[in-house]
Protein chains: 2
Amino acid sequence: MKAYKEMTAEELTAEQQRLEKQFQEVKARGLKLDMSRGKPSKAQLELSNDMMDVLHSGIDFDDETGTDCRNYGILYGIPEAKRLMGEMSEVNADDMIIYGNSSLNVMFDSISRSYTHGVCGSIPWCKLDKVKFLCPVPGYDRHFKITEHFGIEMVNIPMTPNGPDMDLVEEYVNHDPSVKGIWCVPKYSNPQGYTYSEEVVKRFAALTPAADDFRIYWDNAYSIHHLYDEPERQDYLLEILSECKKAGHPDIVLKFISTSKVTFPGSGIAAVAASKKNLDDIGAHMTVQTIGHDKLNQLRHVRFFGDMDHMHQHMSRHAEILRPKFEMVEDTLERELGGLGIGSWTKPNGGYFISFDAMEGCAKAIVAKAAEAGVKMTGAGATYPYGKDPKDSNIRIAPSFPTLEELREATEVFVLSAKLVSVEKLLEK
Amino acid sequence: MKAYKEMTAEELTAEQQRLEKQFQEVKARGLKLDMSRGKPSKAQLELSNDMMDVLHSGIDFDDETGTDCRNYGILYGIPEAKRLMGEMSEVNADDMIIYGNSSLNVMFDSISRSYTHGVCGSIPWCKLDKVKFLCPVPGYDRHFKITEHFGIEMVNIPMTPNGPDMDLVEEYVNHDPSVKGIWCVPKYSNPQGYTYSEEVVKRFAALTPAADDFRIYWDNAYSIHHLYDEPERQDYLLEILSECKKAGHPDIVLKFISTSKVTFPGSGIAAVAASKKNLDDIGAHMTVQTIGHDKLNQLRHVRFFGDMDHMHQHMSRHAEILRPKFEMVEDTLERELGGLGIGSWTKPNGGYFISFDAMEGCAKAIVAKAAEAGVKMTGAGATYPYGKDPKDSNIRIAPSFPTLEELREATEVFVLSAKLVSVEKLLEK
C-alpha cells in the first residue's frame, strides 16, 4: 500500500471510510482486552507454582548459617539470598541488601530517604530550593511518579538505541549541582527495549557529578529477561558497579533488581546493590525502619532455584511464552503498517514492551480509539514525566498479559486505530 | 529477709560478700542467655509451621473475587485478608489497608509521609520549625527511634496502670499545636503490660487537638496476645476508632496491627485501620510507593486461620508456652526480691514483657552486671526517648525467647545482679 502521506485527499477519504467501517465492525464485537501493563500472563505464573511447595511443615527453616528464618532478625537478608541475587545482579553477595517484595518500593524509599535525610550525610533534599532528576524518555511512568511526588523537577533526556543522550547527561550531571539523579532502565528498557551500549555504561561510570549526592538510579528490571535463547539475540549490558569502581566513583550508582517478573509479581524479592558506603547509609535508615524483611520468602526463592543456572532456565521458559506474543505483534505491525509511514516501532530482544511512535499529535487519539473498541493501552503520555509527551507520539505496547489469541485481536484493534487516527490527522491538514 | 534499706552497713557488707561469691560462681558457668527482645521461641514458631502447607502447587491462587494473588494489583489487600485483619482489629474490612510484613515499617512510613507530605493536606513536617511527639514512658524503644530519626522532639508522659497520664496528654494535645502525635501501645503495653482503661480510651477519643495534623499512633501490637484463657484474666480494651467516631473525631487515630507474634515474625502481615479520610490520604502515597504487597502471604494467612475463632485458639496455644515463663519469672522475682525493697515489677495478663523498676540509679549497673554473667537484657534506658531514663530505674524483661530452663537461669542471674547492685548502691551512701 501507498504511504498515507503520499495519498490525495480523495484517496485518504476513501481509506477513512473503509477503516471506519472496519472499526465499527470490530467495536460491535464488544471486546475487553488489556495491553496496558507489563504483567506476566497466567501461563507465566504457572511456571513458578512449584515454588509454593518448597517450604512446608516437614522441613527446617534455617538459613545456611543456622539462623531460623521464621523469627526476627537479619536486616540485610539471608546469606544464600544475597549470593543468588548478587549473581543475578552480577555483583558480590556483600554488595547487596535484600528487601521485601517490591523494587519500586525500594526506589521510592531511596528517594524518600534522600529527601528526609540526604545521601551519605548530604543536606536533605527537602531543605534545598531545587532538586532535578534526569529522565531518559520515553521511560517508566512509575519512576516519574516517584520524583513528581517529591516535587523533584524532571528534565527529559532523549533516548537512543544505545542509551540516553550522554552528551546531555554529562552536561547536566557534571555542571549542575541541583541534578541529583537519573532514572535508568539500562537493559531492555521500558518501553523501547533498548540496552545501553558499553560506551554509554562507561560514560556513566566516568561521570564527575557537580553534586556529591548525585546517584544513578539503575533499575535493572529486565536483567535476565531475554526473549531468545541464542546468545547472539541476547543483549549484553556491562556491569556498572564494577565500572564505577574502576573509574574511581564507586558511590555514584544504586542498582535495583527483583524477581517480580521471574517468580510472582507482588510475592518476589527485591534487592539493591551498591558500594559499602551507600549500603551503610541505607542500612542506618533501615535499622530504624524495620526489624527485617520476609526471610521465609528469601529462603523459598533460594531453595526453588538452587543456583543462577536454574534461574536462567526458568527465564527461558518465560521466553517461550513471551516470544510468540512479541513476534506476533511485530509481524502484525509490519504487515498492517509497514510502508504507510504513519509509525515506527522497536523490536526488542527482551523485556516487557514494544515502543510505538505514531505521527506527531496522534498518540492520545489512537489510545482513545483503541479504548473505544475495548482495548486498553497504557495511557498516551505515560512514558514521559508529568504524563506530557511533547510530540504526543509515543505509545507503550505491553504484549505479555493477554493470551496469544486475545493479543492478536487487540493488536488488530490497535493497528486499525492507528491507521484511522492517522488518516484523520492527515485530512485535517 | 530484711529490707536492704533497713540493714546496717555491716549487714549490707556481709550480704554483699555473700552475693559476690554467688555471682562469681554463676559467672564461672559461662552462660550465654538472651532476655533482650520480644522474640517468640522456637516452640511458638512451630505452632505456625502448618501455614507453610496451605499454599501449594495443587491449588488455585485466586482470592474470593477471582483475582489471581500471584500477579500484580490490589493495593489495599485482598478482601478476605481485610476482613480477617479487620476482625482482629475490631473494625470493618473497609476501614483497613493490608501491608507487608512489618507494622513497624508501616509506622515508619506514616511518620516519613507526614514529614515529607503532611497529614491529609497539612504542611509537611519538614517545613515546620518544631514537631513534638508525646511518649508514654516507659515505652517501646523502636517507636522512639523513629521519631528521633526524623528530629521530632519527644516529651515523656508518665504511664499509670490505666494508661498515660491523661491530664498531661490533654494539656499538651489540646493546647500545643506543635504536638503532632502520641505513641501508644494500648493493650499489654510494652514494657509494663498495662492496658488502657475505658476512661482513658474515651479521653483519647475526646481530644480536641490544637494541630489538625495531630494523630494518635495506636500500636495495638498485643491485641489478642493474652496469657490466660479465663476471660476474667484477659484485659479488655475499648475499640478506639469507633470511640473517635462517636466523639466526632474519626480522623485522629491510626491503628496498627500485625501477625508478627501470631504466625512468623518477619513473615506475617501488617495492617492499618483508620477513617476513610486517613486511608485515602495514605492510599494516595501508597499508589506511588508500590504496586501492591504480598498477596500470596495474605492468602496463606487467611486460609490457615479461616476465621477469628481459629486465630484466638492459635493464640491460646502461644499462651500455653508463654504463661509458665511469665509465671516463673514473677515467682522468682517474688521469692528472691520480695520484701527487700529494692525493686517492683508488673504482672501482666498478656503481651511480651515484664517491667522492672529498680532503685534509682541502678538499672544500667544491673543490666551490665547481668551481661557480665552472660545474660543479655534490653539495654537500660531503652524504654525511654533518647535512651535516657531520668531515674535510671526501668528494666524490660523479655521472657519469651529462652526455653523455660534457660529463662530460669537467666532470671536467677538477673535477681542476683539486682541484689548485688542494690547493696553496692546502698553502701555508697
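Details of the structure are given in the entry above.
All values derive from a computational prediction rather than experimental measurement.

The rules behind the values
- Residues numbered from 1 in each chain as written.
- Chains lettered and ligands numbered in written order.
- Predicted model: local features only at pLDDT ≥ 70, side-chain atom pairs only at ≥ 80, totals over all residues.
- Heavy atoms only, no water.
- Buried < 20%, exposed > 50% of the residue type's maximum accessible area, 1.4 Å probe, protein only.
- Helix = DSSP H or I, 4+ residues; strand = E, 2+ residues; numbered from the N terminus.
- Pairing = 2+ DSSP bridges.
- Right-handed = clockwise from strand over helix to strand, strands pointing away.
- Contact = heavy atoms within 4.5 Å.
- Buried area = accessible area lost by both parts, 1.4 Å probe.
- Salt bridge = Lys/Arg side-chain N within 4 Å of Asp/Glu carboxyl O.
- Polar contact = N/O pair within 3.5 Å; in protein donor to acceptor, adjacent residues only side chain to side chain.
- Nonpolar A, V, L, I, M, F, W, Y, C, P; charged D, E, K, R; others polar.
- Axes fitted to C-alpha atoms, helices over the stretch in contact; angles between N-to-C directions.
- Least-squares fit on C-alpha atoms with pLDDT ≥ 70 in both.
- 1 Å grid on protein atoms, 1.4 Å probe; cavity = no way out; pocket = protein on both sides within 12 Å on 5 of 7 lines; lining within 4 Å.
- Points joined across faces, edges and corners; volume = space filled by probe spheres on them.
- Phe/Tyr/Trp six-rings, centres within 6.5 Å; stacked < 30°, edge-to-face > 60°.

> How do you make sense of the pairing of strand E7 (residues 215–219) of chain A when you look at a structure like this?
In regular strands, side chains alternate between the two faces of the sheet. All names here are of chain A. Where burial is concerned, most of E7 is hidden: five out of the five residues are buried. Burial of the side chains of E7 extends over both faces: Arg215, Tyr217 and Asp219 are buried on one face and Ile216 and Trp218 on the other. Direction of pairing for strand E6 (residues 179–184) relative to E7: parallel, over a ladder of four bridges. If you follow Ile182 over to E7, its bridge partner there is Ile216. Handedness of the β-α-β unit built from E6, helix H8 (residues 198–205) and E7 comes out right-handed. Pairing of E7 with strand E8 (residues 253–258) involves four bridges; the strand directions are parallel. Paired with Trp218 across the two strands is Lys255, which belongs to E8. Read from E7 through helix H9 (residues 240–246) to E8, the crossover connection turns out right-handed.

> Please clarify how the interface of chain B and chain A should be interpreted in this entry.
One widely used convention gives an interface's size as the accessible area the parts lose upon coming together. Of the residues lining the interface, 58 residues belong to chain B; the matching set on chain A comes to 58 residues. Summed over both partners, the interface of chain B with chain A comes to about 4900 Å²; 49% of that surface belongs to carbon and sulfur atoms. Three residues stand out in chain B for area buried against chain A, namely Arg70(B), Tyr72(B) and Val288(B), and they jointly supply 16% of the buried area on that side. The residue Lys42(A) makes a salt bridge to Asp62(B) at a minimum N-O spacing of 3.7 Å. Linking chain B with chain A are 25 residue pairs in polar contact (both at pLDDT 80 or more), by the criterion used here. Elements with a contribution of two residues or more to the side of chain B that touches chain A: helix H2 (42–46), helix H3 (51–54), helix H5 (103–117), helix H6 (141–149), helix H10 (276–289) and helix H11 (295–305) of chain B. Examining the composition of the side of chain B that touches chain A, we find that eight residues originate from one element, H5(B), more than from any other. When the residues that make up the side of chain B that touches chain A are grouped by side-chain class, the tally is 20 nonpolar, 22 polar and 16 charged.

> Can you help me understand the sheet that holds strand E7 (residues 215–219) of chain B in this one?
Across a sheet, paired strands are connected by hydrogen bonds in the backbone, their directions being either parallel or antiparallel. All names here are of chain B. Here we have eight strands laid out as an open sheet, ordered E2-E9-E8-E7-E6-E3-E4-E5, and mixed in their pairing. Every interior strand has two partners, whereas the edge strands, strand E2 (96–98) and strand E5 (163–164), have only one. When E2 meets strand E9 (residues 270–273), the two strands line up antiparallel, connected through three bridges. Looking across to E9, one finds that Ile97 is bridged to Val272. Against the sheet, helix H4 (residues 79–88) touches E2, strand E8 (253–258) and E9, its axis set at about 115 degrees to E2.

> Help me understand the relation of the copies chain B and chain A in this model?
For the pair of chain copies, the relating transformation is a rotation about an axis with a translation along it. Take chain B, turn it by 180 degrees, move it 0.0 Å along the axis, and it overlays chain A with an RMSD of 0.0 Å. What the superposition gives is, in effect, a two-fold axis relating one chain to the other. The fraction of interface residues of chain B whose copies in chain A are also interface residues reaches 100%, indicating that both copies meet through the same surface.

> What am I meant to see in the environment of Met35(A) here?
All names here are of chain A. Tracing the sequence through the fold places Met35 in strand E1 (residues 33–35). Sequence separation of Met35 and Phe414 is 379 residues, and the distance between their C-alpha atoms is 9.8 Å. Leave out the neighbours within four places in its chain, and Met35 touches Val375, Lys376, Met377, Thr378, Arg396, Ile397, Ala398, Pro402, Leu407, Ala410, Thr411 and Phe414.

> Any chance you could explain empty space enclosed by the protein here in plain terms?
Remark: the empty space left among the atoms is shown by a probe the size of a water molecule rolled over them. Using the criterion set out here, one finds eight cavities of 30 Å³ or more in the structure. Of the voids in this model, the largest cavity is the one considered here, and its volume is about 430 Å³. What lines the largest cavity is a set of 28 residues, and nearest its centre among them are Gly100(A), Asn101(A), His293(A), Gly100(B) and Asn101(B). Sorting the residues of the lining of the largest cavity by element identifies helix H5 (103–117) of chain A together with H5 and H10 of chain B as the ones contributing at least two each. Residue composition of the lining of the largest cavity, by class: seven nonpolar, 17 polar and four charged. Considered as a void within the structure, the second largest cavity measures approximately 230 Å³ in volume. Lining of the second largest cavity is provided by 26 residues; of these, Phe108(A), Asp109(A), Ser112(A), Asp109(B) and Ser112(B) occupy positions nearest its centre. Every element with two or more residues in the lining of the second largest cavity is listed here: H5 and helix H10 (276–289) of chain A together with H5 and H10 of chain B. Classifying every residue of the lining of the second largest cavity by side-chain character gives ten nonpolar, twelve polar and four charged.

> Help me understand the packing of aromatic side chains in this model?
We describe a pair of aromatic rings using the distance from one ring centre to the other and the angle between the two ring planes. Residues and elements named next belong to chain A. Taken as a whole and assessed by the stated rule, the structure comprises 30 aromatic pairs over all chains. Relative to Tyr217, the ring of Phe133 lies with its centre 5.3 Å away and its plane at 35 degrees, an arrangement referred to as tilted. Of this pair, Phe133 sits in strand E3 (residues 132–137) while Tyr217 sits in strand E7, placing them 84 residues apart in sequence. On the numbers, 5.7 Å between centres and 80 degrees between planes, the contact of Phe204 with Trp218 is edge-to-face. Linking Phe204 in helix H8 with Trp218 in strand E7, this pair joins segments that are 14 residues apart in sequence.

> What is the right way to look at the layout of surface pockets in this model?
Of the pockets and cavities examined, the largest pocket occupies roughly 770 Å³. Along the walls of the largest pocket sit 42 residues, with Tyr72(A), Ile291(A), Arg37(B), Gly38(B) and Lys39(B) positioned nearest its centre. Those elements that place two or more of their residues in the lining of the largest pocket are H2, H5 and strand E12 (375–377) of chain B. Here the residues of the lining of the largest pocket are counted per class, giving 13 nonpolar, 18 polar and eleven charged. Roughly 530 Å³ of volume is contained in the second largest pocket. At the level of secondary structure, the elements contributing two or more residues to the lining of the second largest pocket comprise H5 and E8 of chain A. Element by element, the count of residues in the lining of the second largest pocket is highest for H5(A), at three residues. Across the lining of the second largest pocket, the residue classes break down as eleven nonpolar, 13 polar and eight charged.

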